[in-house]
Amino acid sequence: MPVKTDISIKEGVVTLEVTGNMDFSIFSALKKITRDHVSDETHIVVDFRHSAKLLDSGLGTLLSLTRSSQKCIDLVNCTPEIVERISHSTYQSRFNVTE
């Protein structure tokens, strides 16, 4: 299944809803979003409600997003597999993860 992102921006919160397996294919879109919509006052949320897997390249993309935005990112509606994957990552402190 190809990955798709829907973006909403409300009151200082940028929410990215991911559909499909998160991989590197959304890197350019996330980089543009960070450049165009993220400021010191912005909070970033990635919603995995419709996503099955977080592939290695998707994890790398999220790490890149934390570096470029200089923020801890909320990962919400994660599957147990995504929660486990992040919890075993050496970069888990860059994310707030909820199922």
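Okay, so let's go over this structure. (Residues numbered from 1 in each chain as written. Predicted model: local features only at pLDDT ≥ 70, side-chain atom pairs only at ≥ 80, totals over all residues. Heavy atoms only, no water.)

Our next topic: the overall build of the protein. Counting its secondary structure elements, the protein contains three helices and five strands. Tracing the protein from N to C terminus, the helices and strands come up as β-β-α-β-α-β-α-β. Against the globule reference of 13 Å for 99 residues, the protein gives a C-alpha radius of gyration of 12 Å, in line with a compact fold. Once the C-alpha set of the protein is aligned to its principal axes, its extents read approximately 30 × 30 × 20 Å. Counting only residues that meet the buried cut, the protein has 39% of its 99 residues in that class. Put simply, 61% of the contacts in the protein that link residues at least 6 apart link residues at least 24 apart. One finds the centroid of the 11 positive side-chain charges in the protein at a distance of 6 Å from the centroid of its 13 negative side-chain charges. (Helix = DSSP H or I, 4+ residues; strand = E, 2+ residues; numbered from the N terminus. Rg over C-alpha atoms; globule rule 2.2 N^0.38 Å. Buried < 20%, exposed > 50% of the residue type's maximum accessible area, 1.4 Å probe, protein only. Contact = heavy atoms within 4.5 Å. Lys, Arg positive; Asp, Glu negative; His and termini not counted. Charge placed at Lys NZ, Arg CZ, Asp CG, Glu CD.)

Turning our attention to helix H2 (residues 56-69). Under the 1.5 Å per step criterion, the end-to-end length of H2 is 20 Å for 14 residues, consistent within 8% with the ideal 20 Å. Those residues of H2 that fall on the buried side of the exposure criterion are Gly58, Leu59, Thr61, Leu62, Leu63, Ser64, Leu65, Thr66 and Ser69. In this structure, the buried side of H2 is in contact with strand S2 (13-19), helix H1 (27-37), strand S3 (43-50), strand S4 (73-76), helix H3 (80-87) and strand S5 (95-97). Following H2 by one or two positions, glutamine 70 has its phi on the positive side, about 60°. (Expected span 1.5 Å × (residues − 1).)

A few words now on the state of the cysteines. What the rule picks out here adds up to zero disulfides. Cysteine 78 provides the cysteine sulfur closest to cysteine 72, a residue in no disulfide bond, and the two sulfurs are 12 Å apart. Cysteine 78 gets classed as buried once you look at its relative accessible area, which sits at 5%. (Disulfide = S-S within 2.5 Å.)

The nonpolar side chains of a soluble globular protein tend to be buried, and buried together. With 22 residues, the main nonpolar core has Met22, Val46, Phe48, Leu54, Leu62, Leu75 and Phe95 as its most contacted residues. Elements represented by at least two residues in this core include exactly S2, H1, S3, H2, S4 and H3. Top contributing element to this core by residue count: H2, with four residues. (Core = buried A, V, L, I, M, F, W, Y, C linked by side-chain atoms within 4.5 Å.)

Here isoleucine 9 is to be found in strand S1 (residues 4-10). Owing to a relative accessible area of 43%, isoleucine 9 belongs among the partly exposed residues under this scheme. Sequence separation between isoleucine 9 and histidine 43 is 34 residues; the distance between their C-alpha atoms is 9.8 Å.

Here the focus is the pattern of salt bridges. With the rule as written, the count across this model stands at four salt bridges. Close ionic contact of arginine 49 with aspartate 47 constitutes a salt bridge, the shortest N to O distance being 3.3 Å. Owing to a relative accessible area of 6%, aspartate 47 belongs among the buried residues under this scheme. Counted as one network, the salt bridges with shared partners bring together Lys32, Arg35 and Asp36. (Salt bridge = Lys/Arg side-chain N within 4 Å of Asp/Glu carboxyl O.)

Here we take up the environment of valine 46. When you line up the elements, valine 46 lands in strand S3. Placed 39 residues apart in sequence, valine 46 and isoleucine 7 show a C-alpha to C-alpha distance of 9.4 Å.

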